[in-house]
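Remarks on the overall topology
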Amino acid sequence: MAIARGYAATDASKPLAPFTFERREPRDDDVVIDIKYCGVCHSDIHQARDEWGNSTFPMVPGHEIVGIVRAVGSQVTRFKIGDRVGVGCFVDSCTTCAKRDLDLEQYLPGLVVTYNGAEADGTPTQGGYSDHIVVKEGYVLSIPENLPLDAAAPLLCAGITLYSPLRHWKAGPGKKVAIVGLGGLGHMGVKLAHAMGAEVTVLSQTLSKKEDGLKLGADHYYATKDPETFTKLAGSFDLIICTVAAEIDWNAYLNLLKVDGDLVLVGIPENPVPVHAFSLVPARRSISGSMIGSIKETQEMLDFCGEHGIVSEIETIRMEQINEAYERVVRSDVRYRFVIDMESIKA
Ligand code: NAP
Ligand code: ZN
């Protein structure tokens, strides 16, 4: 066992605080990663505050992990000491399920999430707000050489969470795509959809980030607080990806879709989503959900980002600033992802 230093939530109502815990000794198929940076996802906040009702404490959040390989087990073939690597939202998955070859392991039972989960032997998993992590080789990603490590960290969750539905619903030339919410996930959606060749519209609460949105690659930008947006854009989009976790008027957004258009939820609101049949039936519209992506698709996304020079817009923080950063994310006061510099925990 090696001692790890991190920051943990000890219960849903307390701020995160320094926390020391044990990481397993590397097995033959494990990679030991010296964590350099970890992104701050809104899901970290939902779970640290038990907003999904499934939290176990103490919890070291963090699933946008990048770092350098410190050691490898004897059977590891794809990584060596010194490699630039990443770890996303899960660190193991079903090994017996017949469907595991579909490269959709994020949807299979037996998924072991990076934190707030448990290994097969019951050991709680702890995430990337820490100095190192030990992960099975099959769940470790390669970070393209041309991408800076700090700004690449958010690709491991925010990046893949938008890349996967954009690919699945075939965003590309001739397709009109709207991204709802210009936060951590949303700003990656704009960059990725633009790089795929789609015509991209941001639907944000106000126009306060319009200049940024257009610079990130959006072709159009509208305020959802303005009711005219919903009359002007009625029937416009092939695909709308909603990154918002709040209660919004789902029927109003469905009415922005063309015939056969899809509204895909990636944000996870607390309450059920009320949808009127008339928002779907007269235009054969669909409403769907999407969760992160497989390991294969995550590597494909990282390589795509390498080819297109895509990284996240980040604000780097020290570990001890995490509680303040959480407050700012909740207030939508982030441009556009906080990334923790892990040197600050080692000092
Ligand atoms: P974020 O950075 O806080 O972005 C959310 C955006 O939603 C905000 O920037 C804001 O955009 C908009 N928003 C906030 N409050 C709103 C309100 N009351 N009404 C309308 N819009 C509002 O969060 P994130 O890290 O991108 O995560 C977003 C959601 O996705 C979270 O629920 C997270 O748990 C979930 N998530 C899902 C997956 C998955 O696999 N499906 C993966 C990661 C995260 P504007 O200021 O532009 O309006
Ligand atoms: Zn996340």
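Note that this is a predicted model, so its numbers are computed, not measured.

1. Things to note about the overall build of the chain
Per the secondary structure count, the chain includes eleven helices and 17 strands. Relative to the globule expectation of 20 Å for 347 residues, the C-alpha radius of gyration of the chain, 20 Å, shows essentially globular dimensions. Here the chain holds 347 residues, and the buried ones make up 56% of them. In the chain, 67% of the contacts between residues at least 6 apart in sequence involve partners at least 24 apart. Put simply, the chain shows about 14900 Å² of open surface, and 52% of that area lies on carbon and sulfur atoms. A gap of 3 Å separates the mean positions of the 34 positive and 46 negative side-chain charges of the chain.

2. A closer look at the sheet that holds strand S15 (residues 286–289)
Across the sheet, six strands lie side by side as S12-S11-S10-S13-S14-S15; this open sheet has parallel pairing. Of all strands in the sheet, those with a lone pairing partner are strand S12 (220–223) and S15, marking the two edges. Strand-to-strand twist of the sheet, defined as the mean angle between neighbouring strand axes without regard to direction, takes the value 20°. Pairing of strand S10 (residues 176–180) with strand S13 (residues 237–242) involves four bridges; the strand directions are parallel. Paired with valine 180 across the two strands is cysteine 242, which belongs to S13. In this fold helix H3 (residues 158–168) packs onto S10, S13 and strand S14 (257–265), with an angle of close to 160° to the strand it touches most, S13.

3. With respect to the coordination of the zinc ion (ligand 2)
Taken together, Cys41 (SG), His63 (NE2) and Cys157 (SG) make up the protein donors of the zinc ion (ligand 2), found 2.0 to 2.2 Å from the metal. Taken in sequence order, the residues that donate to the zinc ion (ligand 2) follow the motif C-x21-H-x93-C. Here cysteine 41, found in the loop between strand S3 (30–39) and helix H1 (42–48), pairs with histidine 63, found in the loop between H1 and strand S4 (65–72); they are 22 residues apart in sequence, far enough to count as distant. Of the two residues, cysteine 41 and histidine 63, both sit in the buried class.

4. Here's the deal with the environment of alanine 153
With respect to the helices and strands, the residue alanine 153 is situated in the loop between helix H2 (149–152) and H3. As for alanine 153 and isoleucine 65, which are separated by 88 residues in sequence, their C-alpha atoms are 5.7 Å apart. Beyond its immediate chain neighbours, meaning those up to four positions away, alanine 153 contacts Tyr37, Gly39, Glu64 and Val66.

5. Quick word on the packing of H3 against helix H9 (residues 295–308)
Packing of H3 against H9 brings their axes to within 10 Å, and their N-to-C directions diverge by 100°. Here H3 lies roughly perpendicular to H9, going by the angle between them. On H9, the residues touching Gly159, Ile160, Tyr163, Ser164 and Arg167 of H3 are Glu297, Thr298, Glu300, Met301 and Phe304. Partitioned by chemical class, the residues of the contact of H3 with H9 number four nonpolar, three polar and three charged.

What counts, and at which threshold
- Residues numbered from 1 in each chain as written.
- Chains lettered and ligands numbered in written order.
- Predicted model: local features only at pLDDT ≥ 70, side-chain atom pairs only at ≥ 80, totals over all residues.
- Heavy atoms only, no water.
- Helix = DSSP H or I, 4+ residues; strand = E, 2+ residues; numbered from the N terminus.
- Rg over C-alpha atoms; globule rule 2.2 N^0.38 Å.
- Buried < 20%, exposed > 50% of the residue type's maximum accessible area, 1.4 Å probe, protein only.
- Contact = heavy atoms within 4.5 Å.
- Areas by Shrake-Rupley, 256 points an atom, 1.4 Å probe, with all protein chains shown as cover.
- Lys, Arg positive; Asp, Glu negative; His and termini not counted.
- Charge placed at Lys NZ, Arg CZ, Asp CG, Glu CD.
- Pairing = 2+ DSSP bridges.
- Axes fitted to C-alpha atoms, helices over the stretch in contact; angles between N-to-C directions.
- Donors = N, O, S within 2.8 Å, 3.2 Å for Na, K, Ca; no water.
- Parallel < 35°, antiparallel > 145°, perpendicular 65-115°, else oblique.
- Nonpolar A, V, L, I, M, F, W, Y, C, P; charged D, E, K, R; others polar.

Structural measurements only, silent on function.
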